[in-house]
Structure formats: C-alpha cells, structure tokens
Amino acid sequence: MKNVKIIGSSHVARESVNEIRKDILLEKPDIVCVELDKNRFVSLFQKQRKLRIGDLKVGGFGALFMIVGRWLQKKLGDQVGIMPGADMKTAVLAAREVKAKIYLIDIPIQKTLFKLSKEVPLWEKLKLVFYIIFSPLSLKNRKLTKHFDLNKVPAQKVIDQIISEMRLRFPKLFKVLLDDRNVYMANQLKKISKDNPDDNIIAVVGAGHEKDINFMLNPKIHNVAKTFIKNSKTGEFLFLYRDNKPSLNHPDTWANVGGGIKKGETPLQALKREVD
C-alpha cells in the first residue's frame, strides 16, 4: 500500500521517540495510526492506576502477565529515562500538532490478556515463569544484554533472531501476542487505507510487529515464505522436488520448503501450514 508508512518503535528507546516525532512533523500525514486500543490510549494521559478486582476477569495468567509487563517496562524505562508508552504518546501528540486524524488499531488489551489465560497451555506458562527467573543467569543472554543499547531501535536482524528463538520456546504465547495482533492491525490498516485512498497514513507499531505487517500490506512483494530444515544429527538439509508442471514457478527443480502466503496470513503462519 503506497499511502501507508510503517514506523517500527522500540517502546522505551529515546531514538524511537525522536524519530516518530520528526517523521510526523516533517511528513504531516492526514492520518496517524497507533498500536493502541481505547483503554491503553486513555491510560497514556492518566496516572497509572492500581490493579483492580475487575482486571482479574482476564484470568490469572493474563493478570499476572499484565503486572509483570508493567513492572518490566517501568524498570527498562527507568534505565533510559523514558516512561513506558512514550513512543505512542509522542505519536498522538505529534498527530494533534499537524491536525491528523488518529486511529487506534490494536486488539483491546482485555481480549488479548483473556486469550493468554485461555489459549496458552499450562506447560508453556510454567516454562515462561522459569525463563523469567533463570534466563538472566544464562551466559548467552548476558552477552546479548551487554551489547544491547536500550536507547536505540534494535537492527531487524536482532529483532528477527529474538522473535525466532522466543517463538520456538513459547509458540502459543507468541501467537496471541504477535501473530493474532499482526493480522488484526494489518486488516485495520487495509480498511483505513481503502476508506481514505487519497490520504497519507503513518502507522506506529512495535518493532516486533513491523516486518509481518509490512508483509501483509504488500502481498505482491512478499508473497512467498521459505525456510531451510536441517537434520541436527547428520547436518543434512531437506529439499523438495517440484512437479514438472508448466503452471508452477520453477517446475522440475529442487527447492527448499515453503509456499505461497494466503490472504491474511503472516509469513510464519504460511510456512507452518506448508510444513504441516
């Protein structure tokens, strides 16, 4: 979509805040979309409230995830002097300066937290608890943290590596937190773009969402998902031999595993469907 620009933000990075404000004031878009729902939007401009009994309706794990998430974001924000949510708040304030319309494109937070409680299996919840407790002690994570600058948006290669590793450990968790929300936000942006074809649109989302949303908004560019499958014991790779049909792209050749991305799918969802 030519009239939609995606800005990937690291939620506690000062670089993100500066880039978001600069881009919106410079480009003066007609519409600014932010990775927020109504409740999170309102809370950005209010003093953070304490947990209420009503919040427990999302389930025990969803409520716990919200509490830990708030604590972690505040802890990281304190290290760099940035309040959690400053990137989205900056986008909203800059949009008001240029008199742009503001659209909230994320799934309601209560629905996401409820899905975490219901869809993530018990073993994965327990695994996450152990990971949070013990991962800071691992040599690999200590090395990664040592070279990680919280003031800057990580390179796409680093983001891909982190998401890939964490997705393998916590597949259902990442489906709810990333895949489902990516599809929802991409569909929201498609609708907004369709309803406002002559307007310039800037969408501010977390850096972990940026790549997949771009895939779904530009299917003609990113219409195939491919991967390599390696046997860890022998070191051999799996290849498939394509049928000799004129209708196929690259018929009668060896190829790595993968296939076309269907409408509304992320590349990873398409890959999982092809492999299954």
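For the structure itself, look to the data block above.
Parameters and conventions
- Residues numbered from 1 in each chain as written.
- Predicted model: local features only at pLDDT ≥ 70, side-chain atom pairs only at ≥ 80, totals over all residues.
- Heavy atoms only, no water.
- Pairing = 2+ DSSP bridges.
- Helix = DSSP H or I, 4+ residues; strand = E, 2+ residues; numbered from the N terminus.
- Axes fitted to C-alpha atoms, helices over the stretch in contact; angles between N-to-C directions.
- Salt bridge = Lys/Arg side-chain N within 4 Å of Asp/Glu carboxyl O.
- Buried < 20%, exposed > 50% of the residue type's maximum accessible area, 1.4 Å probe, protein only.
- Contact = heavy atoms within 4.5 Å.
- Patch = residues over 30% accessible without salt bridge, like charges linked within 9 Å, V, L, I, M, F, W, Y side chains within 5 Å.
- Areas by Shrake-Rupley, 256 points an atom, 1.4 Å probe, with all protein chains shown as cover.
- Phe/Tyr/Trp six-rings, centres within 6.5 Å; stacked < 30°, edge-to-face > 60°.
- Lys NZ or Arg CZ within 6 Å of the ring centre and 35° of its normal.

Caption draft 1: Seen up close, the sheet that holds strand E3 (residues 101-104). What the 4 strands build is an open sheet, ordered E1-E4-E2-E3; its pairing is parallel. Looking along the sheet, the strands with just one partner apiece sit at the ends: strand E1 (4-9) and E3. Strand-to-strand twist of the sheet, defined as the mean angle between neighbouring strand axes without regard to direction, takes the value 20 degrees. Sheet analysis places strand E2 (residues 31-34) next to strand E4 (residues 201-206), joined by 4 bridges and oriented parallel.

Caption draft 2: Just the pattern of salt bridges, in detail. Under the criterion given, the structure shown has 12 salt bridges. Two residues, lysine 5 and glutamate 27, come together in a salt bridge whose shortest N-O distance is 2.6 Å. Placement of the pair is lysine 5 in strand E1 and glutamate 27 in helix H1 (residues 14-27), with a sequence separation of 22 residues. Exposure remark for lysine 5: the relative accessible area of 30% places this residue in the partly exposed category. On the basis of relative accessible area, glutamate 27 is assigned to the partly exposed category, the value being 37%. A salt bridge links aspartate 106 to arginine 181; the nearest nitrogen and oxygen atoms lie 2.7 Å apart. Highlighted residues: aspartate 106 in the loop between E3 and helix H5 (109-119) and arginine 181 in helix H9 (residues 171-195), separated in sequence by 75 residues. Owing to a relative accessible area of 11%, arginine 181 belongs among the buried residues under this scheme.

Caption draft 3: Representation of the pairing of E1 within the structure. In terms of burial, E1 is largely enclosed, as 5 of its 6 residues are buried. Alignment of E1 against E4, held across 6 bridges, turns out to be parallel. Paired with glycine 8 across the bridge in E4 is valine 205.

Caption draft 4: Spatial organisation of unusual backbone geometry. A positive phi is found at lysine 28, a non-glycine position, where the angle reads about 45 degrees. Take lysine 28: it is sitting in the loop between H1 and E2. Classification of lysine 28 by relative accessible area gives exposed; the value is 54%. The phi dihedral of lysine 99 falls on the positive side, at around 60 degrees, and the residue is not glycine.

Caption draft 5: The arrangement of the environment of methionine 83 in detail. Counting through the fold element by element, methionine 83 comes out in the loop between helix H3 (60-80) and helix H4 (86-97). Each C-alpha atom of the pair methionine 83 and arginine 14 lies 9.9 Å from the other, and the pair is 69 residues apart in sequence.

Caption draft 6: The side chain of threonine 112, seen in detail. Structurally, threonine 112 is set in helix H5. Of the residues examined, threonine 112 reaches a relative accessible area of 5% and is grouped as buried. Residues in contact with threonine 112, not counting those within four places in the same chain, are Ile107, Val176, Leu177 and Arg181.

Caption draft 7: Structural view of a nonpolar patch on the surface. Judged by side-chain polarity, Phe228, Phe237, Phe239, Tyr241 and Trp254 come together as a nonpolar surface patch covering roughly 610 Å² of accessible area. In this structure, phenylalanine 228 sits in the loop between strand E5 (224-227) and strand E6 (229-230). Since its relative accessible area comes to 53%, phenylalanine 228 is described here as exposed.

Caption draft 8: Structural context of the packing of aromatic side chains. For the coordinates displayed, the defined rule picks out 2 aromatic pairs. Summarising the aromatic geometry, the rings of tyrosine 131 and phenylalanine 170 are spaced 5.7 Å apart at their centres and angled 75 degrees between planes, so their arrangement reads as edge-to-face. Note that tyrosine 131 is positioned in helix H6 (residues 122-134) and phenylalanine 170 in the loop between helix H8 (156-169) and H9, a separation of 39 residues in sequence. Accessibility expressed as a relative area gives 22% for tyrosine 131, which makes it partly exposed. We note arginine 96 situated over the ring of phenylalanine 45; from NZ or CZ to the ring centre the distance is 5.1 Å. The positively charged end of lysine 127 is found above the aromatic ring belonging to phenylalanine 170, 5.9 Å away from the centroid.

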